[in-house]
Amino acid sequence: MQAIVVSFQKLDEYCLSDTSMELQSNSSMAIRLSGYLKNFLHLVNDQCAWIKDDSRSQIMKKAALSARDVILSSWRRTKISLQGSIILMRDVDSFLTILNSFTILRQMPEVVEAWESMREYVQLFIVQPESLTSLLSDEDRNLHKLSTRFIEDCISRRTNA
């Protein structure tokens, strides 16, 4: 899956200036990746149809969390501007829509929380630099649970870093 994400991704996908920002709803990567993600999850689900429920759930959980991790790691490959982060948020929302279309995944709180937390991670690119400390220490968010390395990687990808 990682190779697919890398092949879909443009390194300047989320590095938009005020003047270059168009009213696009999703990045070109997310449009292609959404179809792939949906097909991938359908394939795993279909291949597990004959497996008893508990094992099937574990396989689907692993597939969904692995897909999320690959998408998150792709953020480390590109610079992200404030305007690009708005498109990134839309991309995350489209991935969440796909995830929620699978009943088996919607019933797994760990999977739902992991994917929904991606919306919070986008805040690392949206919040003004002087407000990052406050954002990271807010215990109502999951950001304080992130590894320092992941946070530093995200912050270094900001175009205003």
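Our subject in this report is the structure included herewith. In this text, all values refer to a predicted model and were calculated from it rather than measured experimentally.

## So, the overall build of the protein chain
A count of helical and extended segments in the protein chain gives eight helices and zero strands. Helices and strands appear in the protein chain in the N-to-C order α-α-α-α-α-α-α-α. Classification of the 161 residues of the protein chain by burial places 45% in the buried group. Taking as baseline every contact in the protein chain between residues at least 6 positions apart, the subset at least 24 positions apart corresponds to 73%. For the protein chain, the accessible surface area stands at approximately 8700 Å², while carbon and sulfur atoms represent 51% of it.

## Section: the packing of aromatic side chains
The full count for this structure, using the stated rule, is three aromatic pairs. Here Tyr 36 and Phe 40 contribute two aromatic rings whose centre-to-centre distance is 6.3 Å and whose plane-to-plane angle is 10°, an arrangement assigned as stacked. With Tyr 36 and Phe 40 both in helix H2 (residues 28–47) and four residues apart, this pair spans about one turn of that helix.

## Some thoughts on the packing of H2 against helix H4 (residues 82–100)
Orientation of H2 relative to H4, taken along the N-to-C sense of each, is 20°, at an axis distance of 10 Å. What the angle tells us is that H2 and H4 run roughly parallel. Our pair here, H2 against H4, has a crossing hand that is right-handed. On the side of H2, the interface is formed by Ala 30, Leu 33, Ser 34, Leu 37, Lys 38 and Leu 41, while H4 contributes Asp 91, Ser 94, Phe 95 and Ile 98.

Definitions and limits used
- Sequence positions are assigned chain by chain, starting from 1 and proceeding in written order.
- Totals for whole chains, interfaces and linings use every residue, but because this is a predicted model, local features are given only for residues with pLDDT of at least 70 and side-chain atom pairs only at 80 or more, for both listing and counting.
- To obtain the side-chain values, all non-hydrogen atoms of the structure were used and water was disregarded.
- In this text, helices come from DSSP runs of H or I with a minimum length of four residues, and strands from runs of E with a minimum of two, each type numbered from the N-terminal end.
- Each residue is assigned to one of three classes by its accessible area relative to the maximum for its type, calculated with a 1.4 Å probe on protein chains only: buried under 20%, partly exposed between the two thresholds, exposed over 50%.
- What makes two residues a contact is simply this: any of their non-hydrogen atoms within 4.5 Å.
- Here the accessible surface of atoms and residues is derived via Shrake-Rupley with a 1.4 Å probe, and residues count as covered only by protein chains that are part of the display.
- Two rings belonging to Phe, Tyr or Trp (six-membered ring only in the last case) form a pair when the distance between their centres is within 6.5 Å. Interplanar angles under 30 degrees mark stacking, angles over 60 mark edge-to-face geometry, and anything in between is tilted.
- Where helices are involved, their axes are fitted lines through C-alpha atoms of the stretch in contact, as for all axes, and angles between N-to-C directions lie from 0 to 180°.
- Orientation is classified from the angle alone, with under 35 degrees giving roughly parallel, over 145 giving roughly antiparallel, 65 to 115 giving roughly perpendicular, and any other angle giving oblique.
- Each helix crossing is assigned a hand: it is left-handed if the near helix lies turned anticlockwise from the far helix by less than a right angle, otherwise right-handed if that turn is clockwise.

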